[in-house]
Amino acid sequence: MLFLVAALMLFGVVLGTVAHAPLDVTAGLAAVIAVWLAVFALRERIARRRRTSAN
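A.B. asks: Can you explain the overall build of the protein chain? Please cite residues and give values.
C.D. replies: Looking only at helices and strands, the protein chain features two helices and zero strands. Against the 2.2 N^0.38 benchmark of 10 Å for 55 residues, the protein chain shows a C-alpha radius of gyration of 17 Å, more extended than a compact globule. Dimensions of the protein chain along its principal axes, counting C-alpha atoms only, are 50 × 35 × 5 Å. Across the 55 residues in the protein chain, those meeting the buried criterion constitute 0%. Accessible surface, the protein chain as shown: approximately 5300 Å² in total, 74% of it carbon and sulfur.

A.B. asks: For the environment of glutamate 44, give the residues involved together with the corresponding values.
C.D. replies: Turning to its location among the elements, glutamate 44 is positioned in helix H2 (residues 23-54). Residue glutamate 44 is classed as partly exposed on the basis of its relative accessible area of 35%. C-alpha separation for the pair glutamate 44 and proline 22, spaced 22 residues apart in sequence, amounts to 33 Å.

A.B. asks: So what about a nonpolar patch on the surface? Which residues, and what values?
C.D. replies: A grouping of Met1, Leu2, Leu4, Val5, Leu8 and Met9 is seen on the molecular surface, where their side chains present a nonpolar patch of about 710 Å² in accessible area. Examined against the element boundaries, valine 5 turns out to sit in helix H1 (residues 2-20). Judged by relative accessible area, valine 5 falls into the partly exposed class, the value being 39%.

A.B. asks: Quick one: what's the story with the environment of glycine 28, residue by residue and with numbers?
C.D. replies: Relative to the assigned elements, glycine 28 resides in helix H2. With a relative accessible area of 33%, glycine 28 lands in the partly exposed category. Spatially, the C-alpha atoms of glycine 28 and isoleucine 46 are 27 Å apart, while their sequence positions differ by 18 residues.

What counts as what
Residues numbered from 1 in each chain as written. Predicted model: local features only at pLDDT ≥ 70, side-chain atom pairs only at ≥ 80, totals over all residues. Heavy atoms only, no water. Helix = DSSP H or I, 4+ residues; strand = E, 2+ residues; numbered from the N terminus. Rg over C-alpha atoms; globule rule 2.2 N^0.38 Å. Buried < 20%, exposed > 50% of the residue type's maximum accessible area, 1.4 Å probe, protein only. Areas by Shrake-Rupley, 256 points an atom, 1.4 Å probe, with all protein chains shown as cover. Patch = residues over 30% accessible without salt bridge, like charges linked within 9 Å, V, L, I, M, F, W, Y side chains within 5 Å. Salt bridge = Lys/Arg side-chain N within 4 Å of Asp/Glu carboxyl O.

Below, the structure written as C-alpha cells:
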C-alpha cells in the first residue's frame with residue numbers, strides 16, 4: 001500500500017512538471033520513453049521466443 005501511495009505521489013509530481021514544461025521538451029521526452037518501451041518490448045519478445053524454442 002505504501003508503494004502505491006509513493007507511486008501516485010511521484011505520478012502527480014511528474015504530471016505537474018509536464019504541465020509547466022514547454023511542449024517541445026515534453027514531446028521529446030515522450031519520444032525517448034516510447035523508444036525505450038519499444039526496445040524493451042522487442043527484447044522481451046526475442047527472449048520469449050528463445051525460451052520457447054529451447055524447450
